[in-house]
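Observations on chain architecture
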Amino acid sequence: MACELTGLGMYVPPRVLTNEDLEKFLDTSDEWITTRTGIKERRIAEEWEKASDLGYHAAKEAIENSGLSSKDIDVVIVATSTPDMIFPSTACFLADKLKCNKPMAFDISAACSGFIYGLTLARTFIAAGQAENILVVGSEVFSKIVDWNDRTTAVLFGDGAGAVVVSKTNNDKGILSAVMRSDGSHWGSLYCPVGEKIKMRGRETFKLAIKNMAEASMKALEEAGLTLDDIKLIIPHQANIRIIRALAEKLEIPEDKVFSNIHRYGNTSAASIPIAMYEAKEEGRFHEGDYILLTAFGGGLTWGAIVLRV
Ligand code: ACO
């Protein structure tokens, strides 16, 4: 049984934190942040706003765009590293806010790879005949786990949410291949202990991100029976513009074939790919029938790639 993406949605909180704002309380500069990361500004949630609140707006739009109602959703999957609580899951809060009809609901913890892990699971549920319409949401409030005194991490992250509805289909659209990996032996590169703040060894993560995303992308293409020439657009996790450029170089493709909106939002972890997909579609960077490739990398370590026909 095949599946296709029938609706997309995104939401970012209105509060903007620019590099110039960060200069006021951190020993950093717009010049350093721009040249090292490509980030110019990021969005910050309100004190009271949780991942399920951001996720609600994105999910509502995705469901509306799919032409379905929240009552049609069989499974709610939320990828997040900043859940509302340890339990219940953010997915349970979200399903309640959306007034879904008692769906299966659970969270995925796979850091920045969480959204593509979620898409892979949605595909599996549909292939098994266990569900027809699945909501996959990446929603993060990293501003709450960032150490605002640590310039090496505080400048990188932002808040936001993206959502898709994945539905059973009989046409040839949808997820053609999915390659998901992890390597827990490198957990110390990037982690956040319970009740503490993010810790990261940036350089180590940087190199592994490029290598692993490139390998997973090539494997996913091979499994889909396609080559890079068939792909209209690559939408990678938005962690650093230099990682995105290096990925294009390693894959030997022009930089404009790789989407980036990191200057606007920074690294929104599991939300970055669905937000990027949404904006790429709005900007006309892909159209119905095109093949696109999603690839992510994050704490765990986790990484992977998905080939989609939209
Ligand atoms: N402003 C000014 N100077 C800074 C800042 C800052 N915000 N941050 C660090 N520096 C300094 C450092 O202290 C260091 O100074 P030193 O040479 O005197 O010691 C110098 O800048 C260089 O620091 P590096 O860490 O070597 O800089 P690098 O070029 O590696 O860039 C960065 C750092 C941006 C973090 C990069 O390594 C990176 O993007 N890494 C990957 C992050 C990633 O992909 N994470 C995975 C996804 S996130 C997730 O899963 C949740």
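1. Let's talk about the nonpolar core
- One finds Leu119, Ile134, Ile235, Leu294 and Ile306 to be the most contacted residues of the largest nonpolar core, which totals 42 residues.
- When residues are assigned to domains, this core turns out to be shared by domain 1 (2–169) and domain 2 (174–309), each giving three or more.
- When residues no more than four places from it in sequence are discounted, the contact partners of Leu294 are Ile116, Leu119, Ile235, Ile273, Met277, Gly304, Ala305, Ile306 and Leu308.
- The next biggest cluster of nonpolar side chains, apart from the first, holds 27 residues, and it includes Ala209, Ile231, Ile244 and Ala248.

2. With respect to the domain arrangement of the chain
- By the assigned domains, the chain splits into domain 1 (2–169) and domain 2 (174–309).
- Of note, the centres of domain 1 and domain 2, computed from C-alpha atoms alone, are 16 Å apart.
- Each partner contributes to the interface: domain 1 provides 50 residues, whereas domain 2 provides 47 residues.
- For the pair domain 1 and domain 2, the interface holds zero salt bridges.
- Broken down by secondary-structure element, the contributors of at least two residues to the side of domain 1 that touches domain 2 are strand S1 (2–11), helix H2 (30–37), strand S3 (41–43), helix H5 (114–127), strand S6 (133–141), helix H6 (151–154) and strand S7 (159–169).
- When residues of the side of domain 1 that touches domain 2 are assigned to their parent elements, the largest contribution, seven residues, is made by H5.
- Grouping the amino acids of the side of domain 1 that touches domain 2 by side-chain chemistry returns 22 nonpolar, 16 polar and twelve charged.

3. Section: the packing of helix H3 (residues 51–66) against helix H4 (residues 90–97)
- Their axes nearest at 9 Å, the elements H3 and H4 cross at an angle of 50°. Judged by the inter-axis angle, H3 sits oblique to H4. Seen from above, H3 lies across H4 with right-handed handedness. Here Ala51, Ser52, Asp53, Gly55, Tyr56 and Ala59 of H3 lie close against H4, whose contacting residues are Thr90, Phe93, Leu94 and Lys97.
- Taken together, the residues of the contact of H3 with H4 sort by class into five nonpolar, three polar and two charged.

Conventions adopted
Residues numbered from 1 in each chain as written. Predicted model: local features only at pLDDT ≥ 70, side-chain atom pairs only at ≥ 80, totals over all residues. Heavy atoms only, no water. Core = buried A, V, L, I, M, F, W, Y, C linked by side-chain atoms within 4.5 Å. Buried < 20%, exposed > 50% of the residue type's maximum accessible area, 1.4 Å probe, protein only. Domains from an automatic or database assignment. Contact = heavy atoms within 4.5 Å. Salt bridge = Lys/Arg side-chain N within 4 Å of Asp/Glu carboxyl O. Helix = DSSP H or I, 4+ residues; strand = E, 2+ residues; numbered from the N terminus. Nonpolar A, V, L, I, M, F, W, Y, C, P; charged D, E, K, R; others polar. Axes fitted to C-alpha atoms, helices over the stretch in contact; angles between N-to-C directions. Parallel < 35°, antiparallel > 145°, perpendicular 65-115°, else oblique. Left-handed = near helix turned anticlockwise from the far one by under 90°.

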